[in-house]
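# Structure at a glance
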Amino acid sequence: MEKYYMGKALDLAKLGWGKTRPNPLVGAVIVKDGYLVAEGYHHYYGGDHAEVDALKKIDYTAKGATMYVSLEPCSHYGKTPPCVEAIIKSKISRVVIAMEDPNPQVAGKGIRILREHGIEVVTGVMEEEAKKLNEVFIKYITTEKPFCILKTAMTLDGKIATTEGDSKWITAEDARAYVHHIRNRVAGIMVGVGTVLQDNPQLNTRILNKEVRHPTRIIVDSKLRTPLHANVVKTAKEQSTIIVTTEEASKDKIDKLRTLGVQILKTKGRDGKVDLEDLMIKLGQQKIDSILLEGGGTLNYSTLEAGIVDKMLSFIAPKIIGGQAAITPVEGIGKSLIKDAFIVENIGIQQFQRDILIEGYIRRKEAICSQEL
């Protein structure tokens, strides 16, 4: 039954997707005398943590009960008091934890405090599932850099657009809707200026949901070529928009963009290009914990070469475009040798009505160089 109740806690945690950042997703259930008597989850940043949410719902004493929680209870004061204090006060006798909190402020301290107060603690139940659920939090809290997801959509012959630049639509409606749900969860969505010039996208979230959340739009534009009439500029006062550039950018245009509500962010550079690693540091400082990379082939190669990509989402549609000059998902100079190829591992496959999604993680290695646009 351990996995059954922990599975429920993990499912509850998912209800906080997109609302708790930069805090983790956490769910908790309380079981007494073989019955599930209360459940809770972290609803939003600054709100009650899952353990307290569950304890507030129990209508009689929790003495002697077992709590299943997907992440180690916190032991420090933040937006809310420490969860370990509430658990100890409730007289719960046993706590089952999926994974330790990677936050240096916790990192096993919560477990130690519970044990010091005579509470039995079991760890590691569905640990891998819990880690995957909180992969964004783990990356951000340990590195202070965003978790980056590179999304591509291509035909069977590996094209993302025709020779004329037409790309609407490679994938079907259900696959595109899935991407909008991901946009609803991440803190930022990033493209290169080429995408802005070619497609003039909105880069917002389009789902039928009262709790729709639009990610911060991040445009990598070393020469500040983004037009003042671009959709991302015209709507900058309604949706947070950052244009990333270098010292070569026109001061006059910077002033105009700022007047229209755009935040201008300058990074280190090499030969006048945006340094993507430096950009990740600066975005992390703004509490952007996750980014969906939806650029074209040039940006995609740059992000891979810079070593900032954590996860790949590759949609494949049963279509064939052809054309030697048709655009592919990853452009750039490419690799000369197969042994130097970027490796995607821990593969998962998801079937949509027509398209398939291949999901995986980039094998970690030192970036060969800091690659830019």
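What you are looking at is a predicted structure, and each value in this text was computed from that prediction instead of being measured.

## Notes on the overall build of the chain
- When helices and strands are counted, the chain shows twelve helices and 16 strands.
- The C-alpha atoms of the chain give a radius of gyration of 23 Å, which matches the 21 Å a tight globule of 373 residues would have.
- Each of the three principal axes of the chain carries a C-alpha extent, and together these read 70 × 45 × 40 Å.
- In the chain, buried positions account for 52% of the 373 residues.
- Counted over contacts in the chain with a minimum sequence separation of 6, partners at least 24 positions apart contribute 72%.
- Positive and negative charge centroids in the chain, built from 52 and 47 side chains respectively, lie 3 Å apart.

## Some points on the sheet that holds strand S4 (residues 94-97)
- Spatially, five strands are ordered S2-S1-S3-S4-S5 in an open sheet, and the strand pairing comes out mixed. Each end of this open sheet is capped by a strand with a single partner; those strands are strand S2 (35-41) and strand S5 (120-123). Pairwise comparison of adjacent strand axes, ignoring direction, gives a mean angle of 15° for this sheet.
- Alignment of strand S1 (residues 27-32) against strand S3 (residues 66-69), held across four bridges, turns out to be antiparallel.

## Notes on the packing of aromatic side chains
- Overall, the coordinates contain six aromatic pairs when judged by the stated rule.
- Pairing Phe-315 with Phe-352 gives two aromatic rings, centres 5.8 Å apart and planes at 45°, and the pair type is tilted. Separated by 37 residues along the polypeptide, Phe-315 in strand S14 (residues 311-317) and Phe-352 in the loop between strand S15 (344-351) and strand S16 (356-362) bring together distant segments of the chain. Each member of the pair, Phe-315 as well as Phe-352, is classed as buried.
- Site record: aromatic cluster; members linked through ring pairs are Tyr-4, Tyr-5 and Tyr-68.
- Above the ring of Trp-17, the side-chain terminus of Arg-185 is found at 3.6 Å from the ring centroid.

## Describing the packing of helix H3 (residues 83-90) against helix H4 (residues 109-116)
- Across the interface, H3 lies against H4 with an axial gap of 10 Å and an inter-helix angle of 20°. The angle between H3 and H4 falls in the class roughly parallel. H3 and H4 meet at a crossing whose hand is right-handed. Of the residues in H4, those in contact with Val-84, Ile-87 and Ile-88 of H3 are Gly-110, Ile-113 and Leu-114.
- Here the contact of H3 with H4 is built from residues that sort into five nonpolar, one polar and no charged.

## What about the domain arrangement of the chain?
- Looking at the assigned domains, one finds that the chain contains domain 1 (1-136) and domain 2 (144-362).
- Summarising the inter-unit geometry, the C-alpha centres of domain 1 and domain 2 are found 35 Å apart.
- Contact residues are listed per partner, giving eight residues for domain 1 and twelve residues for domain 2.
- Between domain 1 and domain 2, the buried area comes to about 1,000 Å², and carbon and sulfur atoms account for 51% of it.
- Three residues stand out in domain 1 for area buried against domain 2, namely Arg-21, Glu-135 and Val-136, and they jointly supply 53% of the buried area on that side.
- Put simply, domain 1 and domain 2 have two salt bridges between them.
- Two residues, Glu-359 and Lys-132, come together in a salt bridge whose shortest N-O distance is 3.2 Å.

Criteria and thresholds
- Residues numbered from 1 in each chain as written.
- Predicted model: local features only at pLDDT ≥ 70, side-chain atom pairs only at ≥ 80, totals over all residues.
- Heavy atoms only, no water.
- Helix = DSSP H or I, 4+ residues; strand = E, 2+ residues; numbered from the N terminus.
- Rg over C-alpha atoms; globule rule 2.2 N^0.38 Å.
- Buried < 20%, exposed > 50% of the residue type's maximum accessible area, 1.4 Å probe, protein only.
- Contact = heavy atoms within 4.5 Å.
- Lys, Arg positive; Asp, Glu negative; His and termini not counted.
- Charge placed at Lys NZ, Arg CZ, Asp CG, Glu CD.
- Pairing = 2+ DSSP bridges.
- Axes fitted to C-alpha atoms, helices over the stretch in contact; angles between N-to-C directions.
- Phe/Tyr/Trp six-rings, centres within 6.5 Å; stacked < 30°, edge-to-face > 60°.
- Lys NZ or Arg CZ within 6 Å of the ring centre and 35° of its normal.
- Parallel < 35°, antiparallel > 145°, perpendicular 65-115°, else oblique.
- Left-handed = near helix turned anticlockwise from the far one by under 90°.
- Nonpolar A, V, L, I, M, F, W, Y, C, P; charged D, E, K, R; others polar.
- Domains from an automatic or database assignment.
- Buried area = accessible area lost by both parts, 1.4 Å probe.
- Salt bridge = Lys/Arg side-chain N within 4 Å of Asp/Glu carboxyl O.

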